[in-house]
Each structure stands twice: as structure tokens, then as C-alpha cells.
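Commentary on secondary and tertiary structure
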Amino acid sequence: MLHYIFKRTLILLATLIVASLVVFVSLEIVPGDPASYMLGLNAQEDTIAALRAELGLDKSKVARYFSWVGGLFTGDFGTSYTYRTPVADMVRDRMWVSLPLAIYALALSTLIAFPAGVYAASRRGGAGDTTVMGLTQLGVAVPNFWFAMLLVLLFAIKLRWFSAGGFPGWDAGFFQAMKSLTLPAIALALPQASILTRVMRSSLLDVLNEDFMRTARAKGLSRRQALWKHALRNAMIPVLTIMGLQFSFLLAGAIIIENVFYLPGLGRLIFQSIASRDLIVVESVVMLLVLAVVLVTFVVDLAYAWVDPRLRGTR
Amino acid sequence: MQTIKLSRSLFPALMLAAGMVAGAAQAAKMDVTIGMQLEPPNLDPTGGAAAAIDEVVYANIFEGLTRFGSDGAVLPALANSWEIGDDGMTYTFTLQEGVKFHDGSEFSADDVKFSIERAMAEDSTNAQKQLFANIDSVENVNGAAVVTLKAADGNLLFNLAWGDAVIVDEKTAETLATAPVGTGPFKFKNWVQGDQIVIEKNPDYWGEPVKLDTATFKFISEPTAAFAAMMAGDLDAFPNFPAPENLAQFEADPRFAVVLGSTEGETILSTNNQQPPLDNVKVRQAIAHAIDRTAIIDGAMYGYGTPIGTHFAPHNPAYVDLTAKSEYDPEKSRALLKEAGLEDGFSTTLKLPPPAYARRGGEIIAAQLRAVGIEVEISNLEWAQWLEQVFKGKDFGLTIVSHTEPMDIGIYAKPDYYFQYDNADLQALMASFAEETDSEQRTSMLQQAQSIISDDYVNGYLFQLAKTGVASAKLKGLWENSPTQANDLTGVFWEE
Amino acid sequence: MKLRSLVPGAVLVLLFFSAALISYVWTPFDVTLIDIKSRFQSPDTTHWLGTDHFGRDLLSMLMVGARTSIFVAIVAVGIGMLVGVPLGLAAAANSGNLLDEAIMRTNDMVFAFPALLIAILITASYGPGALNAIIAIGIFNIPVFARLSRAAALSIWKRDFVLAARAAGKNAVRISFEHILPNITNLLIVQGTIQFSLGILAEAGLSFVGLGAQPPIPSWGRMLADSQTLIMLEPQLALIPGLAIVLTVLGLNLLGDGLRDWLDPRLRRER
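Note that the structure is a prediction, hence the values are computed from the model and not measured. (Residues numbered from 1 in each chain as written. Chains lettered and ligands numbered in written order. Predicted model: local features only at pLDDT ≥ 70, side-chain atom pairs only at ≥ 80, totals over all residues.)

This brings us to the overall build of chain C. When helices and strands are tallied, chain C shows 9 helices and 0 strands. Helices and strands appear in chain C in the N-to-C order α-α-α-α-α-α-α-α-α. With respect to the principal axes defined by its C-alpha atoms, chain C has extents near 75 × 45 × 35 Å. The 271 residues of chain C split such that 54% are buried. Contacts spanning at least 24 positions in sequence make up 71% of the contacts within chain C whose residues lie at least 6 apart. (Helix = DSSP H or I, 4+ residues; strand = E, 2+ residues; numbered from the N terminus. Buried ≥ 20, exposed ≤ 12 C-beta atoms within 10 Å, placed from the backbone. Contact = placed C-beta atoms within 7 Å.)

The structure is reproduced here in C-alpha cells:
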């Protein structure tokens, strides 16, 4: 096991280093000068040059790469070109929106998917199963931003139950903040819940067919007991993996939803930073998200290996 | 199975509770929430060009020697009067008494000297350095600020009203970007990046106190979100509402008032005068006749906007209506192309920045040009790319942009300006204009300039951008017009 | 039989594919013609689905939009297959050694990047447009097919007829192409259909934020974006393109499910 952990950790580090290179190089080649953008139409050449020097844009690429990576290790994500504030502060503020939103969406998705998946698996082949499968097929096919538009039309504009977007901040109270995250979370959760339901169902069905299940049934456990005691536990592994992947997607993939609901989250930060050529923000935030995904995969892999020793060998 | 039942009953209950909490939040109105599309990158109007900076701080947090009134007039601000020397080169400004900066320090002519010298310095990042180019020196003479020019200049008072010329304190000048300290009736309170900026009443203000306790600027770039936010009551006003298609709905709703006015934004189809075949005046004329301004104003701006025939604001008394010179006439357009030897048309690029007038207007113009044989390749760019490619790189055929600086016909006298129009007569005319102080002469020169650039079909003159603002019906005092980019809240109050 | 997903799926897919193909030779109206005076018309005998905010015929816009979405998705999946499958096969053929490790680690790394975010990054930085959208989406299809082909190939390598071929002296490349590839084709077709539907969603998302095909080329995602501010006045402008996306993706998913059950009896377990 120790050897496995060691090997996975090495791979983790290697992945991060290569990722940082890819991120940095691909963004440095991007055309567009943040200094010109900030100073606008009437600025003169010497003004722009002065700003570039101030932002450290005139140093060599290699020097900037190393100072950036070095900074990442100490938690210094650099200073935003446009806002002149530390990227770490901006990220931390945005995290307080993106993270709860991702958790909220994941929770909604799970709350729907687990019961639905179990229900469908237990009614396999019957009307209940077909209905659930039909709904999930629909749920997967709906683009989440379109669903968001419809939610806003109905619940915000017509019914005025919710505001159409924006985030009042956690200072405004837990309920208020969560309320503003509700429509976005629902929009995000719909396709995820559909996927998770199908995974839950097929994973359960797989397990229900396994030999040990038949043994359990032979031993006299009723179908329901077999379901709960053995099947569910064993079916959880692939489900948890998918949930882990979904979490990473929710954190980064909520970009479009954050735009529709004008939430000040990480996704919109990246969007705005790309538009204003604030590359240092983009680089650091992308690295952060890659780190999150890689860490989640790492932890899931380790959990997998711990639970199922067969997996500790060669992949 | 327990889990499902629990969530089924809790969820609607939570929603109900949340709804009631929201409803209770309507307090007595001494605050205002203003929506803006673009967030300023920082809060120093003297250190960067973004119009969004002025839209937050101009007249609210910072003040200059002079300021713009809502009708564009140049009014006294920190200078309550001035005397111009006989040679037109010395301006003596008598300053207001008892003015303090927000950090408590006294305001004096030394601060005026510091601010102007800072803007003019070699390493200054002031985006409008040319406003100060003619200033020779600024001195504190017995408490008055004396500005000496290199040459007589009729524009000085006008220039000093710009947001880039506001007065700052030497002690706090370095950190203005994140901690703005000015002399205005509002103080900076806090900034949640990406979300909002809050300013609050300055109790020690030297002038008339404002009728609000706090003002919040919320940044909403998506037009749909802007509409939804206004409808939901999240905002009290959106002075530059980005979706003109929704204005009719606001008009029909008694809760809202639509505030219409004019801006200094000449929206033009900028043409690269140095790129063949656009360097041929007949070709440019052909483009002018291929464009149907009504279709653009209706289709892109839903009727809001005034057609222009030259680069000048129609509400300005010196305006000359030259729209007849570029009437919609596709037949004439094709004939002109034939004369230019381009009977089969040609193709070029149309690079569009983000605003709706450009994106939507661009699609419409592309279709109109295609109808006379001119194929355009549309590139939708972000501002940063537009600045890089079009403005600096001059790598474009056509583009659409709104020039919102007041009285900027002078850009046609700069051969290096991005559309690269080089006419020595116009340059000479604008040079004499800069020195001319007689107002009748000035008007006549401006009219001449308008005719020249119209006859040469330098750019496609589309329309003057309208200021389309939406506000709560009970909110009064917002500027109708936009003589400069600002959200001057000094006269804003809630009516009972 | 689960063939009940195959038929409706095939019908939907055929519907949109034909609309797309027909649009190459004929559409009821020219989608590049802008006629402001005819905007916002309700469906009638001239314009079967009405007109949009520029007076363009919605049905024609849908047809050409279908072409855009399908084209981008097909080429992106094509890239994924053409690059990913050989990589996966190579990895399986060299299972356990350095090449396999290298390919798999690179795979994992690409998976670690949030796909939508990177697609937005690529298109926003290097210029929006159908080509860059294809590249951005295609890049993320490669590891999917690599992983799938490798896993499937590994199990086939152990089969008797392959062992026989190895004994007969055939080298790994020949075996991969002559024996492995034909046996994983069904899996590839099924996965390809799924990736295709994901590609349509990805293209719609990119177009929605303005990074897909550029004007005047219609695209469903951009039609949705343009309809946002008008949603209260003209909701059909938002509903129609949205439904088109849903039905196409649904059709593809149903088709994929049906194909899976039909093509590979061994996979037709209790699902």
C-alpha cells in the first residue's frame, strides 16, 4: 500500500508540474496586452510602457514562470494586473460563492439521484424504471444554461419568488445567500442528477447480479435486506467516483451558469480575466482548479485501493 | 427512505422562509443601488482610462477645479471663480474655502500644483496626458492656483473638468487605485471585486450635502441579468441600460421611469483609410450609400439613437446636418463601386467590440454591404483584442465603435489615429481652432471641419448613441444626458 | 427489447441530419438576409416557425444551425477517434511498459483540466470560431477514446485467437489493426455516438457565450444567447433552439443506447 501511495504521489507532482508548464506557455502566447487594455483608447505609448514595467510584464518569460510557480508554493498567487489586488484574496472571496454553489448542486443532485436510482433498480424493467430512465434521458439532453434561462423566466421574472441572480454576500444572512444560489444550483443539478441516477442504477444492477449477492439471497435474506446491506455499499464505489468527478466539473463548469446568474464566482472571474487579458489571474485560477481535480482523483484512487486490494497492482 | 421525505417537506419550507426574510428588507430610502455594465479595474481616474472609473467616482468621490453640469456646461467646482489674463495664457483660480480631503487633510493650491504636475510627469499613467500638454507651470500664489500656459488655449477650463484632471492629495496619491481619497460629497466605503462598490456620505463636505447616505454600484454585464435585476427590484437605477429592447416594458410599468437623453457618443463605422480599396474615396462613399441608418437604429437599438451625417453631436449648437450626403441608396452604391473599378465588389474585415450597438449593428451592416457586393468577414472581439488589433495594430478594414469623449472631432486631425485619415487642410484648421478663443469663429471652424470629413466620407457616420436609463419612478435627480462619462449622484434623491 | 430506444433515437437523429444536409442546397429563406421590418413574426404560412429579431426565418436558421452543430461535433469526435484510438491501441499493445505509462499519464493529465474552462480559454484567447471550437472540443475527446480503446483492447489481447496470431509471429501493430480494432469497433461506435451528443452540448455552450461559430453563420447556442433579453416578449425565440438541442442530444443518446444493445449481445445484460 505504501508503495502505491508513493507512486501515486509522484504521479500527482509530475502532473502538476507539467500542467503548470502547459498553462503558462499556452497563455503567454496569447495575443493581447493587459496594459493597453487598462489604459484604453487615448493612452500614449510611454504611458503604456510605464504600466507594463510596473506590472512586471517586461521581464523574461522564464523569469516570470519561475517567480509565478515559486509564488504558488508559498500561497502567493501573484497580483492581478487589472485590479492590483492579490489574486489569492480574489480567489478566496470567489471561493465563498463557487464552493457553496458546487456543494449545494452536488447535494441536490445526490438527494434526487440516490432515491431515484435505487427506485429504478428495484423496479427493474417495470413502468417505474422506464419512467425514471426516460426522465434521466431528458435531463441529460437539456443544456444547463437553457434550463437556467427558463428557471429565471418562470421563478424570477414571472413569479418573483427568487431574484434573477446576484449574490448578496454571506453577511446578508445564510438564508438570503442560499436563496440566491438556489436557482443556479437547480440548473446545475439537473443534468448531474440525471447522470448520477443512471450510474447509481446500473451500478446497483451490476452488484445485484454478482455471485455474492446470490449467496446472500440463498442464505435467506429478503430482497430488500440484500439490497440495503450488501448491494448499496458495494455499488457506492463507482458512484462516489462519479460524484468526485462531478464536484470538479461543478467547480469549474459552472462558468456559464455564473454568467447567466451574474454570480461573483470563480468561473466568472476567469471569464472576465480572459477578456481583460489579466493573465496572472487566469493562470493561477486554472492551476488551482487543476490542483483540485487532481487531488480529488488522488484521494478517490487511494480510497479505491484501500477498499479493493485488487486494484493496488498494475492498472 | 427517510431522506426523501425529509427533503420533500423541508425544501418548500425553506423557500417560504427565505421569501419572507427578503420581503422584510424594504427600509426607508436613503440609499440607492445603481447598476453598471462594466466594472472599473481600479478607482483612480487619473491613472487609467476606463470610463467605468469615472462612472463611479466623478463628482462623487473626486472633484476638479471645474466640473461638467448635466447639460455639459463647464461649472465651477474646487475653483469657485477664475480670471484669465489678457494674453489668454494665465489663469488664476480662486479656490473654495474649508475643503478637506476624506482623510482629514486640508485642501490647498499646493494640491492643485501636485495633481497637475503628477498628471504631466514623464512616468505618469494618466490616459489623457494631452489635456495638460499645453500647461507650462502651476503655482500657489497667495492661496490661489495660477496656471500658466505655453500658448493661448480656449479649451483649458473644459479640459480641467475631465475626470483625469481631478485634484488629489500627495499623501494618498500612491494608493488611489484601491483606496480613493478625494474631496467629494461621498467617501469610498468598500469594494467587493466583481460585485459592487459602496460609497457613503461625506459629513465634512465643503459644499451642499447630498441627499443620500450610501450609494452602491452593482456590476452586471449581461443585458438579460440587468433586465431581471431591475424587474426584481434588486436595483434602483441602471443609467446606461444595455438592452433597449426592454425599455418598452419598463415604460409600461408604473414602478419605473425611463430616463432618455443624449450622450457624446458618435457611433461610427470606422474605416481604415489606408487600406485598399478603402483608401479610395469613391469606395467609402459607396459604403456610405449602402448603409440604411434607420434599419440599424431600429434593429440594433430598437429606435433609440439619432442619425448623424458627420462626427459631431446633434444636440450641440454647432452641429450641421449632413445626413443627406450619405442617404440610403444601394443603386448609387453599386454605381460608385463600378466607377472605382470594383463592379464585382470586394471583401474586407469587420472587427466588432462587445457592445450591442457594434455586434448587432455589425450584423445588420454586413447584410447591407453584402447586398451591394461587399463581403465582410465579421470578427467579434473583446475590448482587449480590439485595442490590440484595431486601435494599436490598425489591422482592420471596418469596425464599429462609439466615440464618447465630448468634442472629439479633433481626432480627424491626427493621421496616426487608428482610421488613419491624413488631410493637411483639416489639420491646419484644427490647429487654428485650438488657438481661437472667439466663440463665433470657433463655431464656424467646427462647421467647416464637419463638412470636410463628411465630403471625404472618412468614416460611416451612423448615429448618436442615446442615453437610455431606467430608474425607479420615485428616484429623482439622475442625469438625463451624458456630457461626460459619469454617474453624478450629487443631485439624486428619493421622492415620497 | 431495448430496441425501443433505437428506433425513436434513429428517427430523431435522422430528422436533424437531414435538415442539416438539406440546408446545404436549400433553405426556405436566406439566413444572411436581414429584414428588420419583418422581425418577430409569429409562425404562419410563409414563415413556418416565425422570424427572429432580425427578421430571419427561424426554420432556416434551425436548419443551418443543425449543420453547424453537427459539423463541429462530428469533426471533434473524429479528431478524438483518429488520435485517441491509435494511442489506446498502442498503449494496450505495450501494456505495462514506458509507452503505456506515458500515454496513460498524459491522458490523466488532460482529464485533470476542466474541459469547458479550457475550451473557453482556447477560443477566447486564440479567437472564437468554429475551427477553434472543434479543436478545443476535439482535444478532450482524445483521452476518452484512448482510455476506452486501451481498456477494451487489453481484454481482447488475452483471447485465444490473438494468442494464436502472436504465436504465428504477427507483430503488435498488425495484430492491433487486424484483430483488435475490428473487435472494438462496436464499442467505438457506441461511445462515438455518446461523445457526439456531448459535442453538440459543448458546441451549444461555447456558442452561447459567443465563442463558437461567428456571425453570420447561425448556431443554436448563439440563437439562445440572442434570445435572452427578449425572452419575456418573444419566448419562442428561446424555446425553439433549446428544444432543437434537447431533441438532437436526446436522439443521439437513445441511438447510442439502442446501438449498444443491438450491436453487442454480451453487453445486453440486465440494464
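Here chain B shows a mean pLDDT of 87. Residues at 70 or above account for 94%. Note on residues 13-27 of chain B: pLDDT is under 50 here. Beyond four places in sequence and across chains, it has 10 contacts. (pLDDT = per-residue confidence, 0-100.)

For the rest of this paragraph, the subject is the pairing of strand S7 (residues 144-149) of chain B. Residues and elements named next belong to chain B. For strand S5 (residues 90-95) and S7, the ladder comprises 4 bridges, and the chain directions are antiparallel. Residue pairing across strands places Thr-90 opposite Thr-148, the latter belonging to S7. Hairpin connection from strand S6 (residues 135-141) to S7: 2 residues lie between these consecutive antiparallel strands, with Asn-142 at a positive phi of about 55°. (Pairing = 2+ DSSP bridges.)

Right, let's get into the interface of chain A and chain C. In this assembly, 36 residues from chain A lie in contact with 32 residues from chain C. Of all the elements in the fold, those that place two or more residues in the side of chain A that touches chain C are helix H1 (2-28), helix H6 (127-141), helix H7 (144-158), helix H8 (174-209), helix H10 (223-253), helix H11 (255-260), helix H12 (266-275) and helix H13 (279-307) of chain A. Examining the composition of the side of chain A that touches chain C, we find that 6 residues originate from one element, H13 of chain A, more than from any other. Residues belonging to the side of chain A that touches chain C are distributed by class as follows: 26 nonpolar, 9 polar and 1 charged. (Nonpolar A, V, L, I, M, F, W, Y, C, P; charged D, E, K, R; others polar.)

Residue and element names in this part refer to chain B. For helix H10 (residues 356-370), spanning 15 residues, the distance from its first C-alpha to its last is 21 Å, which sits close to the expected 21 Å at 1.5 Å a residue. If you look at H10, its biggest bend is around 25°, right at Gly-362. Extensive coverage of H10 is indicated by the burial of 12 of its 15 residues. Regarding H10, the residues found buried are Tyr-357, Ala-358, Arg-360, Gly-361, Gly-362, Glu-363, Ile-364, Ile-365, Ala-366, Ala-367, Gln-368 and Leu-369. (Expected span 1.5 Å × (residues − 1). Bend = angle between axes of the 7 residues up to and from the residue.)

Residue and element names in this part refer to chain C. Scored by pLDDT, chain C has a mean of 86; 96% of the residues are at 70 or more. Per-element confidence in chain C is highest for helix H8 (residues 220-227), whose mean pLDDT is 93, and lowest for helix H4 (residues 115-126), whose mean pLDDT is 77. Residue range residues 267-271 is modelled with pLDDT below 50. Its contacts to residues more than four positions away, or to other chains, number 7 contacts. On the interface metric, ipTM, the complex scores 0.86, and its pTM is 0.84.

Residue and element names in this part refer to chain B. Note on placement: Gly-477 falls in the loop between strand S18 (475-476) and strand S19 (493-494). Residue classification places Gly-477 among the partly exposed residues on the basis of 18 C-beta atoms within 10 Å. For the pair Gly-477 and Phe-493, spaced 16 residues apart in sequence, the C-alpha to C-alpha distance is 6.3 Å. Not counting residues within four places of it along the chain, the set of residues in contact with Gly-477 comprises Gly-491, Val-492 and Phe-493.

Attention now goes to the sheet that holds S6 of chain B. Residue and element names in this part refer to chain B. Strand order in this open sheet of 4 strands is S4-S5-S7-S6, and the pairing throughout is antiparallel. For this open sheet the edge positions go to strand S4 (79-84) and S6, each flanked by a neighbour on one side alone. Within this sheet the neighbouring strands show an average axis-to-axis angle of 20°, counted without direction. Against the sheet, helix H3 (residues 109-120) engages S5, S6 and S7, with an angle of about 160° to S6. (Axes fitted to C-alpha atoms, helices over the stretch in contact; angles between N-to-C directions.)

Further remarks concern the packing of helix H7 (residues 281-290) of chain B against helix H9 (residues 330-339) of chain B. Residues and elements named next belong to chain B. Closest axis-to-axis distance for the H7/H9 pair is 8 Å, and the angle between their directions is 165°. Overall, the two elements H7 and H9 adopt an arrangement that is roughly antiparallel. When you trace H7 past H9, the crossing you get is left-handed. Contacts between H7 and H9 involve Lys-282, Val-283, Gln-285, Ala-286, His-289 and Ala-290 from the first element and Pro-330, Lys-332, Ser-333, Leu-336, Leu-337 and Glu-339 from the second. Looking at the contact of H7 with H9 residue by residue, the classes come out as 6 nonpolar, 3 polar and 3 charged. (Parallel < 35°, antiparallel > 145°, perpendicular 65-115°, else oblique. Left-handed = near helix turned anticlockwise from the far one by under 90°.)

With that settled, consider the packing of helix H7 (residues 172-208) of chain C against H8 of chain C. Residues and elements named next belong to chain C. Two numbers describe how H7 lies on H8: the axes approach to 7 Å, and their chain directions differ by 40°. Classified by the interaxial angle, the pair formed by H7 and H8 is oblique. Considering how the two elements wind past one another, H7 and H8 form a crossing that is right-handed. The residues of H8 that touch H7, namely those facing Glu-203, Ala-204, Gly-205, Leu-206, Ser-207 and Phe-208, are Trp-220, Gly-221, Arg-222, Leu-224 and Ala-225. Within the contact of H7 with H8, the residues separate by chemical class into 6 nonpolar, 3 polar and 2 charged.

Here we come to unusual backbone geometry. A cis amide bond links Pro-276 of chain B with the next residue in sequence, Pro-277 of chain B, at an omega value of -5°. Within the fold, Pro-277 of chain B resides in the loop between strand S12 (256-271) and H7. In the segment running from Pro-215 of chain C into Pro-216 of chain C, the intervening peptide bond is cis, with an omega of 0°. Tracing the backbone shows Pro-216 of chain C in the loop between H7 and H8. Positive phi, close to 35°, is recorded for Tyr-262 of chain A, a residue that is not glycine.

Let's shift gears to the pairing of strand S17 (residues 460-472) of chain B. For a regular strand, side chains alternate in direction, first toward one face of the sheet and then toward the other. All names here are of chain B. Extensive coverage of S17 is indicated by the burial of 12 of its 13 residues. The pairing of strand S11 (residues 237-238) with S17 spans 2 bridges and is antiparallel. Its bridge partner being in S17, Phe-238 is matched across the sheet by Val-470. Looking at chain direction, S12 and S17 are connected through 11 bridges and run antiparallel. From the neighbouring strand, Gly-261 faces S17, where its bridge partner is Lys-467. The pairing of strand S13 (residues 306-307) with S17 spans 2 bridges and is classified as antiparallel. Within the sheet, the bridge partner assigned to Pro-307 lies in S17 and is Phe-463.

If you look at the biggest cluster of nonpolar residues, it comprises 244 residues, and the most contacted ones within it are Ala-148 of chain A, Val-470 of chain B together with Ala-119 of chain C. At 19 residues, the largest contribution of residues to this core is made by helix H2 (residues 58-93) of chain C. Among residues more than four places away in sequence, those in contact with Ala-148 of chain A are Ala-187, Ile-257, Val-260 and Phe-261 of chain A. Counting residues in each nonpolar core, the second largest holds 62 residues, with Leu-269, Leu-278, Ile-297 and Met-301 of chain B among its members. (Core = buried A, V, L, I, M, F, W, Y, C linked by C-beta atoms within 7 Å.)

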